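Here's the letter readout for the chains.
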Amino acid sequence: MRIAFCCTGTEPEPWLQGLRAALPQAQVALWQRGAAPADYALVWAPPQLFFDEQPQLKAVFAIGAGVDALLKLRLPPNAALVRLDDAGMAVQMAEYVCHAVIRHFREFDVYAAETRQGQWSSHQPRHRVDFPVGVMGLGVLGQRVARALSQFEFPVNGWSRSPRALDGVRTFSGPAQLDGFLSSSRVLVNLLPLTLDTQGIMNRATLSRLLPGGYVINVARGAHLVDEDLLALLESGHLAGAMLDVFRVEPLPPGHPFWQQPKITITPHTAARTLRATSIAQIAGKIEALERGGPVAGRVDAGRGY
Ligand code: NAP
Ligand code: GLV
């Protein structure tokens, strides 16, 4: 069995070593132009040439959760596309989002600014009931985030494409229930995949439906958000702030107005990182399952876009 590794922006050697240790029967190689045909591939932002030269692939494993960029390429017709299925990302996403929600709810940025000035003043406690959190996307990551938020006793709303039932979460589904979901939420967390249906979904019309003083946490993809609309609603005061991990152009260009908006907290696409050892173990297990003719979790439905 041959495995090709073609991941832009990733140090290949530790991956190659890890894959060889996990699958000693396999020949694992860093892809180069004109390389021998492989059975399986691990990819992140590969060039189209990689797939053009490897039409025989049986399965392509993304070393991330989101596959929007891969679905823009022409993939080998018979290859299954498989995304990382948690692999240690969900708990990181829960940490990031709970941090953002709690930091906003408990006014920790305000306290940090005040204490830096030598000011000792405690504010009136705020009430969780006034901070319902809406999680858009109840998949692998969104469900984990919704569960973690409900552990902190925030009222949690969730929105998905198909109806879902989740303990402690008020669920909504489909375009018809989007308005009800938004107008019941003050904090909005985006964990949708980027598809034709979801691009630009956080815009002036949808963000205006959030309860006044809304807070936006975007941890999915930059193209879900209409940047100018967020800025306008922050300036009008309808939104109190935002914490953004993903951007239309990454790295966020130096002149982008987000850098200058004090109500926006920026992180450099780091909410949930690919963990190498866990990911290798998961992918190796899936390759073995496919070789036995068994099912694997995390298969992408290209027609659906995620
Ligand atoms: P997932 O398991 O594929 O779940 C997607 C969820 O979104 C599902 O609940 C799905 O509904 C819902 N959805 C899809 N299209 C919809 C639509 N048109 N309307 C309403 N709901 C819709 O995805 P995931 O693993 O949780 O990951 C979500 C995204 O997070 C990834 O695609 C990636 O872009 C992003 N991500 C970011 C980072 C980071 O570090 N910032 C790290 C990892 C992932 P159904 O339940 O009905 O299918
Ligand atoms: C990161 O953004 C991922 O999709 O894994």
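Around ligand 2, the neighbouring residues are Trp44, Gly64, Ala65, Gly66, Met89, Arg221 and His269. Ala65 places a polar main-chain atom, nitrogen or oxygen, 2.7 Å from an oxygen atom of ligand 2. At a separation of 2.8 Å, an oxygen atom of ligand 2 approaches a polar side-chain atom of Arg221. In terms of residue class, the shell around ligand 2 is built from 3 nonpolar, 3 polar and 1 charged.

This part is about the sheet that holds strand S5 (residues 80–82). Read from one edge to the other, the open sheet built from 5 strands follows the order S2-S1-S3-S4-S5, with strand pairing classed as parallel. On the outer flanks of this sheet lie strand S2 (27–30) and S5, each paired with one strand and no other. Between one strand axis and the next, the sheet turns by 20° as a mean value, whatever way the strands run. Together, strand S1 (2–7), strand S3 (40–44), strand S4 (59–62) and S5 form the strand contacts of helix H9 (residues 276–291), whose direction differs from that of S4 by roughly 165°.

Turning our eyes to something else, we now look at the site of ligand 1. Residues in close proximity to ligand 1 total 30 residues, the closest being Arg83, Leu141, Ser162, Arg164 and Tyr306. The side chain of Ser162 places a nitrogen or oxygen atom 2.4 Å from an oxygen atom of ligand 1. Residue Asp245 places a side-chain N or O atom 2.9 Å away from a nitrogen atom belonging to ligand 1. When isolated, ligand 1 has an accessible area of 930 Å², and the protein chains bury 94% of it. Mapped onto the shell around ligand 1, the elements with two or more residues apiece are helix H3 (89–105), helix H5 (140–151) and strand S7 (156–160).

The next subject is H3. Its 17 residues place the ends of H3 24 Å apart at the C-alpha level, agreeing with the 24 Å of an ideal helix rising 1.5 Å per residue. With 13 of 17 residues buried, H3 lies mostly within the body of the structure. Once H3 ends, the next one or two residues include Glu107, with phi positive near 60°.

For the rest of this paragraph, the subject is the environment of Arg273. Locating Arg273 in the fold gives a position in the loop between strand S12 (264–266) and H9. Taking the C-alpha atoms as reference points, Arg273 and Gly139, separated by 134 residues in sequence, lie 17 Å from one another. Excluding residues that lie within four positions of it along the chain, Arg273 makes contacts with Met89 and Gln92. Side chain to side chain, Arg273 and Thr270 meet in a polar contact 3.1 Å long.

What follows concerns the domain arrangement of the protein chain. Assigned domains within the protein chain: domain 1 (2–87 + 274–291) and domain 2 (89–266). Spacing between the C-alpha centres of domain 1 and domain 2 amounts to 32 Å. Between domain 1 and domain 2, the contact holds 12 residues from the first and 6 residues from the second. Together domain 1 and domain 2 conceal approximately 750 Å² of surface at their shared face, both sides included; 53% is due to carbon and sulfur atoms. Looking at the side of domain 1 facing domain 2, the largest losses of area belong to Ala65, Asp68 and Asp86, adding up to 55% of the total buried there. If you look at where domain 1 meets domain 2, you find 1 salt bridge. Counting across the interface, domain 1 meets domain 2 through 4 residue pairs in polar contact (both at pLDDT 80 or more).

Looking now at the sheet that holds strand S8 (residues 169–173). As summarised here, the arrangement of the 7 strands in space is S8-S7-S6-S9-S10-S11-S12, forming an open sheet in which the pairing is parallel. Each edge of the open sheet is held by one strand with a lone partner, namely S8 and S12. Across the sheet, the mean angle from the axis of one strand to that of its neighbour is 15°, orientation sign disregarded. Examined bridge by bridge, S7 and S8 share 5 bridges and lie parallel to one another.

Right, let's talk about the side chain of Gln48 for a bit. The residue Gln48 is located in helix H2 (residues 48–53) in this model. Residue classification places Gln48 among the buried positions, given a relative accessible area of 19%. A distance of 2.9 Å separates a polar atom in the side chain of Gln48 from the backbone nitrogen of Arg74.

Thresholds applied
- Residues numbered from 1 in each chain as written.
- Chains lettered and ligands numbered in written order.
- Predicted model: local features only at pLDDT ≥ 70, side-chain atom pairs only at ≥ 80, totals over all residues.
- Heavy atoms only, no water.
- Near = heavy atom within 4 Å.
- Polar contact = N/O pair within 3.5 Å; in protein donor to acceptor, adjacent residues only side chain to side chain.
- Nonpolar A, V, L, I, M, F, W, Y, C, P; charged D, E, K, R; others polar.
- Pairing = 2+ DSSP bridges.
- Helix = DSSP H or I, 4+ residues; strand = E, 2+ residues; numbered from the N terminus.
- Axes fitted to C-alpha atoms, helices over the stretch in contact; angles between N-to-C directions.
- Contact = heavy atoms within 4.5 Å.
- Areas by Shrake-Rupley, 256 points an atom, 1.4 Å probe, with all protein chains shown as cover.
- Expected span 1.5 Å × (residues − 1).
- Buried < 20%, exposed > 50% of the residue type's maximum accessible area, 1.4 Å probe, protein only.
- Domains from an automatic or database assignment.
- Buried area = accessible area lost by both parts, 1.4 Å probe.
- Salt bridge = Lys/Arg side-chain N within 4 Å of Asp/Glu carboxyl O.

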